[in-house]
Amino acid sequence: MTDNTGSDTIPALRGRAVAEAAAAADAAALEAVRLTYLGRKGLIPALMGRLKDIPPEGRRDYGRSVNELKDAVQAAVDARKAALEEAAASRPAEGFDESLPGEWRALGTRHPISAIIARATSIFRSIGFTVAEGPDIETVRNNFDALNTPPDHPSRDAQDTFYLAGGDLLRCHTSPVQVRYMEAHEPPVRIIAPGRCYRRDTPDATHSANFHQIEGLFIDREVSLADLKGDLTHFAREMMGPGVKVRFRPHFFPFTEPSVEVDFSCHVCGGAGCRVCKHSGWIEIAGAGMVHPNVLKAVGYDRHGVCGYAFGMGIERIAMILYGIPDIRMLYENDVRYLAQFG
Ligand code: DAH
């Protein structure tokens with residue numbers, strides 16, 4: 001034999017061709033490799049040309065192994081070609097100076113609602129609370145029944161609450177997290193539960209069908225309304241500043257007895273009276289009270305001889321007075337030019 005395939009077995013030829021393709025330094029070198037093996041006058045077509053010299057019973061096997069060789073070499077050439085092209089694409093352009101400073105990209109800022117949740121969480125953590133969570137889609141039982149809400153209570157109405165096909169609902173407050181948490185844990189309990197709530201409200205400057213609350217729950221052997229007031233006062237001072245005052249007004253909630261509404265003195269006018277507090281000097285921040293015995297019973301806590309307080313506060317409310325946001329809808333329009341001011 002005169003050509004240099006003569007000394008190579010097919011596997012050896014394959015090894016050589018694949019190694020040469022992989023080592024080709026550039027497109028021209030690779031093309032040379034391709035021509036050597038796969039070109040019209042290349043080694044592999046030459047091998048094919050010898051088929052007629054093979055005894056008939058060996059031709060099938062011979063033909064198949066030459067074809068496999070051809071495919072393997074073609075694949076190696078293609079792979080190297082792709083690798084060379086990719087390397088060329090990522091190579092810096094001519095004249096690129098890597099010592100120049102990079103392009104500056106603006107960092108995102110925290111959404112005011114996330115910022116309030118983060119601050120409130122850290123304040124409550126510092127006095128021994130941990131964070132619990134519950135799902136946005138709730139059962140009627142957790143959202144209403146177990147919270148001692150009577151069957152004819154107006155909040156159950158489909159005009160107020162979003163019901164889903166199948167009977168579940170979008171929670172209208174974070175209070176169902178109380179039920180979930182107590183059913184999964186033994187007392188004592190000291191948790192907050194920040195989260196999103198849903199109500200069928202027509203949006204205006206102070207109403208949104210989406211809003212956020214922070215639920216609080218403290219259950220132990222001896223917990224009183226004084227603990228509630230002390231803890232919320234501590235929270236108010238940390239959140240709004242040392243001068244803020246807290247007052248309780250008697251109220252009614254099905255899940256607490258007694259129940260109160262909690263006002264903070266107006267952050268904007270310091271209590272003198274302004275537009276934000278509607279000239280009352282006070283802003284309503286939360287509902288709260290001592291957990292109703294029926295709630296403790298519904299979650300099986302009656303056997304522990306414990307009691308506790310609970311509260312639910314509006315996060316948007318706090319964000320609006322703290323940052324001077326005049327319209328709740330600004331928190332939901334996601335205009336980054338507006339949101340970039342906070343953080
Ligand atoms: N769930 C009530 C609401 O959305 C707020 C509330 C009031 C929560 C009293 C409580 C509570 O935990 O004890 O209006």
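Another aspect to go through is the overall build of the chain. Of regular secondary structure, the chain possesses eleven helices and nine strands. With the C-alpha coordinates of the chain rotated into their principal frame, the extents come out at 110 × 55 × 40 Å. Expressed as a percentage of its 343 residues, the buried residues of the chain come to 41%. Within the chain, contacts between residues at least 6 apart in sequence are counted, and of these 66% link residues at least 24 apart. Accessible surface, the chain as shown: approximately 19,000 Å² in total, 53% of it carbon and sulfur. Here the chain contributes 39 positively and 44 negatively charged side chains, and the mean placements of these two sets differ by 2 Å.

Enumeration over the complete set of coordinates arrives at nine aromatic pairs. Between Phe 218 and Tyr 309 the ring centres are 5.5 Å apart and the planes differ by 80°, which places this aromatic pair in the edge-to-face class. Here Phe 218, found in strand 5 (residues 210–220), pairs with Tyr 309, found in strand 9 (residues 307–314); they are 91 residues apart in sequence, far enough to count as distant. Classification of Phe 218 by relative accessible area gives buried; the value is 13%. Note on Tyr 309: relative accessible area 0%, which makes it buried.

By a widely used convention, the size of an interface equals the accessible area lost when the partners come together. Domain assignment breaks the chain into domain 1 (10–90) and domain 2 (112–342). Each of domain 1 and domain 2 has a C-alpha centre, and these two points are 73 Å apart.

Between Pro 187 and Pro 188 the backbone carries a cis peptide bond, its omega angle lying at 0°. Of note, Pro 188 is situated in the loop between helix 7 (176–184) and strand 4 (189–198). Each neighbour pair has its own omega, and for Glu 257 with Pro 258 the value is -5°, a cis peptide bond. Along the chain, the position of Pro 258 falls in strand 7 (residues 256–265).

Let's shift gears to the confidence of the model for the chain. If pLDDT is low for a region, its predicted coordinates should not be looked at in detail. Chain-level pLDDT for the chain is 93 on average; 98% of the residues reach the 70-or-more range. In this model residues 1–5 is a low-confidence stretch, pLDDT under 50, and it forms ten contacts with partners more than four residues away in sequence or in other chains.

A separate point is the pattern of salt bridges. Two side chains with opposite charge may pair up if their charged atoms get near one another. Summed over the entire model, instances satisfying the criterion amount to 14 salt bridges. Between Arg 249 and Asp 263 there is a salt bridge whose closest N-O contact spans 2.7 Å. On the criterion of sequence distance, the pair formed by Arg 249 in strand 6 (residues 246–253) and Asp 263 in strand 7 is long-range, its members being 14 residues apart. Overall, the relative accessible area of 2% leaves Asp 263 in the buried class. Between Arg 329 and Asp 327 there is a salt bridge whose closest N-O contact spans 2.8 Å. Assessed through its relative accessible area of 34%, Arg 329 is described here as partly exposed.

Rules used throughout
- Residues numbered from 1 in each chain as written.
- Predicted model: local features only at pLDDT ≥ 70, side-chain atom pairs only at ≥ 80, totals over all residues.
- Heavy atoms only, no water.
- Helix = DSSP H or I, 4+ residues; strand = E, 2+ residues; numbered from the N terminus.
- Buried < 20%, exposed > 50% of the residue type's maximum accessible area, 1.4 Å probe, protein only.
- Contact = heavy atoms within 4.5 Å.
- Areas by Shrake-Rupley, 256 points an atom, 1.4 Å probe, with all protein chains shown as cover.
- Lys, Arg positive; Asp, Glu negative; His and termini not counted.
- Charge placed at Lys NZ, Arg CZ, Asp CG, Glu CD.
- Phe/Tyr/Trp six-rings, centres within 6.5 Å; stacked < 30°, edge-to-face > 60°.
- Domains from an automatic or database assignment.
- pLDDT = per-residue confidence, 0-100.
- Salt bridge = Lys/Arg side-chain N within 4 Å of Asp/Glu carboxyl O.

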